[in-house]
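# Architecture and fold: a report
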Amino acid sequence: SVTFDDSLYNLKMAEAVVPDSLEPLSRSYHIVADLRTLEEVDAHVPAHDLTFHLSFPELYEGTNVYYVQQEDIQHLVQVINHGDDTDPILNYKATEGSIVIYPAFNGGEETVEFNLSIRESVDSILVGLPIAFTGTFTGIIE
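This report concerns the structure included in the present document. (Residues numbered from 1 in each chain as written. Predicted model: local features only at pLDDT ≥ 70, side-chain atom pairs only at ≥ 80, totals over all residues. Heavy atoms only, no water.)

## Focus: the overall build of the chain
- Secondary structure assignment for the chain yields one helix and ten strands.
- Counted from the first residue to the last, the chain has its helices and strands arranged as β-β-β-β-α-β-β-β-β-β-β.
- Over its C-alpha trace the chain gives a radius of gyration of 16 Å, about what one expects of a compact globule, namely 14 Å for 142 residues.
- Along the longest, intermediate and shortest principal axes, the C-alpha atoms of the chain span 45 × 35 × 25 Å.
- Here the chain holds 142 residues, and the buried ones make up 38% of them.
- Taking the contacts inside the chain whose residues are at least 6 apart along the sequence as the reference set, 53% of them involve residues at least 24 apart.
- On the chain, roughly 8,200 Å² of surface is accessible, and the fraction owed to carbon and sulfur atoms is 49%. (Helix = DSSP H or I, 4+ residues; strand = E, 2+ residues; numbered from the N terminus. Rg over C-alpha atoms; globule rule 2.2 N^0.38 Å. Buried < 20%, exposed > 50% of the residue type's maximum accessible area, 1.4 Å probe, protein only. Contact = heavy atoms within 4.5 Å. Areas by Shrake-Rupley, 256 points an atom, 1.4 Å probe, with all protein chains shown as cover.)

## What about the pattern of salt bridges?
- Enumeration according to the criterion identifies three salt bridges in this entry.
- Between lysine 12 and aspartate 49 there is a salt bridge, with its nearest N and O atoms 3.0 Å apart. Placement of lysine 12 in strand E3 (residues 11-17) and of aspartate 49 in strand E5 (residues 48-56) is noted, with a sequence separation of 37 residues between them.
- Classification of lysine 12 as partly exposed rests on a relative accessible area of 48%.
- Residue class for aspartate 49 comes out buried when judged on its relative accessible area of 12%.
- Across the pair arginine 36 and aspartate 34 runs a salt bridge whose closest N-O atoms are separated by 2.8 Å. Each member of the pair, arginine 36 as well as aspartate 34, carries the same accessibility label: buried. (Salt bridge = Lys/Arg side-chain N within 4 Å of Asp/Glu carboxyl O.)

## Some points on the pairing of strand E9 (residues 108-122)
- Relative to E9, strand E8 (residues 89-102) runs antiparallel, the two sharing ten bridges. The partner of isoleucine 101 across the bridge, within E9, is valine 112.
- Between E8 and the antiparallel strand that follows it, E9, lie five residues; glycine 107 among them carries a positive phi value of about 95 degrees.
- One ladder, built from 14 bridges, connects E9 with strand E10 (residues 125-141); its direction is antiparallel. (Pairing = 2+ DSSP bridges.)

## Observations concerning the environment of glycine 139
- You can see glycine 139 is positioned in strand E10.
- By relative accessible area, glycine 139 is classed as buried at 3%.
- Expressed as a C-alpha distance, the spacing of glycine 139 and isoleucine 31, which sit 108 residues apart in the sequence, is 9.6 Å.
- Those residues in contact with glycine 139 that lie beyond four places of it in its chain are Ala16, Gly108, Glu109 and Glu110.

## Let's talk about the side chain of serine 98
- Its location among the elements puts serine 98 in strand E8.
- In this structure serine 98 comes out as buried when scored by relative accessible area, which is 19%.
- Contacts of serine 98, omitting those with residues within four sequence positions, involve Tyr66, Tyr67, Glu113, Phe114, Asn115 and Leu116.

What follows is the structure, encoded as structure tokens:
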């Protein structure tokens, strides 16, 4: 699950991938949460998703802790609202916080925890107030 702007959302997808076959410690993560209410889902309101993508060229041995303020972390947070014709995609960038990865170097469950402050990014300019974005997810490394 994730918390976005003080509301809790269950994940409808969490994926952990080793993107570089020549670097077994490389990782890419992608999660998707549905921002619609149960009533909106039942009424077949168009998709309104929160997506979060992270990439790391190489994880370290042991627990990996990354601080957004200190490291250049490849990431993208988006809110994609298929029912909004005016602004269907909003992009966000983390400005503060941490990401903790509990790697499964030999395969199995790999857990990622994050506690971030994000701001909307319009043409690479941060706008609006910070939004709390936190969560935990687990992916399977094969």
